[in-house]
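Summary of structural features
Listed here are the chains, written in short residue letters.
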Amino acid sequence: MSSENKGSDKLELIAQRSFSNYAEMYKIVDFLNRTLKEKQIIFGLTKDKNGNMTISIYET
């Protein structure tokens, strides 16, 4: 890694969407992360205390 790129490993949030609980959503997020890793796109998934889920899309 060159010194120019050092420290540029931050994730940039592209989009975020919340929705009702979907128990197997983690499988979709895992599939997308494995498939799009080389495109430098990362998906995140969070679940709040009420059971709502939020999917986040990041660019590296």
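Below: a short report on this structure. (Residues numbered from 1 in each chain as written. Predicted model: local features only at pLDDT ≥ 70, side-chain atom pairs only at ≥ 80, totals over all residues. Heavy atoms only, no water.)

As paired strands, strand E2 (residues 41–47) and strand E3 (residues 53–59) are joined by seven bridges and run antiparallel to one another. Residue Gly 44 lies in a different strand from E3, and its bridge partner there is Ser 56. Where E2 folds back on E3, the antiparallel hairpin that results is connected by five residues, among which Gly 51 adopts a positive phi of roughly 95°. (Pairing = 2+ DSSP bridges. Helix = DSSP H or I, 4+ residues; strand = E, 2+ residues; numbered from the N terminus.)

Strand order across the open sheet formed by three strands is E1-E3-E2, with antiparallel pairing between neighbours. Each edge of the open sheet carries a strand with a single partner, namely strand E1 (12–19) and E2. Averaged over all neighbouring strand pairs, the angle between strand axes comes to 20°, with direction disregarded. Most of the contacts of helix H1 (residues 25–36) go to E2, to which it runs at about 165°, and overall it touches E1, E2 and E3. (Axes fitted to C-alpha atoms, helices over the stretch in contact; angles between N-to-C directions. Contact = heavy atoms within 4.5 Å.)

With that settled, the discussion passes to the environment of Ile 41. Position of Ile 41 relative to the elements: it lies in strand E2. The class for Ile 41 is buried, based on a relative accessible area of 17%. Residues Ile 41 and Tyr 58, 17 residues apart in the sequence, show an inter-C-alpha distance of 5.7 Å. What Ile 41 contacts, discounting residues up to four positions off in sequence, is Ile 14, Asn 33, Leu 36, Ile 57, Tyr 58 and Glu 59. (Buried < 20%, exposed > 50% of the residue type's maximum accessible area, 1.4 Å probe, protein only.)

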